[in-house]
Every structure is written in structure tokens, then in C-alpha cells.
Amino acid sequence: MSDFFNGIADLFVNVLFAPFDALKALELESWFAANIMSWIFMFIGIVAFVYWMLQLQKFNDNNEEDKSISSHSFL
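*Asks:* Teacher, can you tell me more about the overall build of the protein here?
*Replies:* The secondary structure content of the protein amounts to four helices and zero strands. The order of α-helices and β-strands along the protein, N terminus first, is α-α-α-α. A principal-axis box enclosing the C-alpha atoms of the protein has dimensions of 60 × 40 × 20 Å. Put simply, the protein has 75 residues, and 3% of those count as buried.

*Asks:* So what exactly am I meant to see when it comes to the packing of aromatic side chains here?
*Replies:* Any pair of aromatic rings gets described here by the distance separating the centres and the angle formed by the planes. Enumeration according to the criterion identifies six aromatic pairs in this entry. With a centroid separation of 5.0 Å and an interplanar angle of 80°, the aromatic rings of Trp 31 and Phe 32 are classed as edge-to-face. Judged by relative accessible area, Trp 31 falls into the partly exposed class, the value being 46%. One aromatic cluster in this structure is built from Trp 31, Phe 32 and Trp 39. Its guanidinium or amino end placed over the ring of Phe 59, Lys 58 lies 5.7 Å from that ring's centre, counting from NZ or CZ.

*Asks:* Is there a simple way to explain the environment of Val 47 in this structure?
*Replies:* Looking at the element boundaries, Val 47 is found in helix α4 (residues 36–61). Each C-alpha atom, one on Val 47 and one on Asn 63, is 25 Å from the other, the two residues being 16 residues apart in sequence.

*Asks:* Is there a simple way to explain the packing of helix α1 (residues 2–16) against helix α2 (residues 18–26) in this structure?
*Replies:* Two quantities define a packed helix pair, namely the angle between the axes and the distance from one axis to the other. Taken N-terminus to C-terminus, the directions of α1 and α2 make an angle of 45°; their axes are 5 Å apart at the nearest point. With respect to their mutual orientation, α1 and α2 come out oblique. On the side of α1, the interface is formed by Val 13, Asn 14, Val 15 and Leu 16, while α2 contributes Ala 18, Pro 19, Phe 20 and Asp 21. Looking at the contact of α1 with α2 residue by residue, the classes come out as six nonpolar, one polar and one charged.

Calculation criteria
- Residues numbered from 1 in each chain as written.
- Predicted model: local features only at pLDDT ≥ 70, side-chain atom pairs only at ≥ 80, totals over all residues.
- Heavy atoms only, no water.
- Helix = DSSP H or I, 4+ residues; strand = E, 2+ residues; numbered from the N terminus.
- Buried < 20%, exposed > 50% of the residue type's maximum accessible area, 1.4 Å probe, protein only.
- Phe/Tyr/Trp six-rings, centres within 6.5 Å; stacked < 30°, edge-to-face > 60°.
- Lys NZ or Arg CZ within 6 Å of the ring centre and 35° of its normal.
- Axes fitted to C-alpha atoms, helices over the stretch in contact; angles between N-to-C directions.
- Parallel < 35°, antiparallel > 145°, perpendicular 65-115°, else oblique.
- Contact = heavy atoms within 4.5 Å.
- Nonpolar A, V, L, I, M, F, W, Y, C, P; charged D, E, K, R; others polar.

This is the structure:
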């Protein structure tokens, strides 16, 4: 059974994390290139945020949201 778990560890360490090891080695040459994954995730987050804000603006312009001021009946 330990061979099975050692095989999984070997898969992750030597195969699946190889691109990240390459990025780690690239850091000595270019910090911006080494952090490409962070830049990609930040770009995706910014695009998602802008899309979300545009959707909120669209619903706000159509007056689809109930903006009545009322509290719960049990208050």
C-alpha cells in the first residue's frame, strides 16, 4: 500500500508540479514572467468583476430590483 501512496507522491512532485518548478527557476531571470499564474488569475478576477458590475447596472437600469424599504414583520 505504501507503494501506491509513493506513486501518487511521485506523480505530483515529478510530473504535475514540473511547470511550477520551471516558473520557480525562471524567477531569477524575470519576476513578472515567473508570476504569470498570478497575473492570469488577477486578469480573470478583474474580467469577472467588470462583468458582474455591468450585469448589476443592467438590472438597475431596468428597475427589476425591489428597493422598497421595509423591515421584517417580527421586528
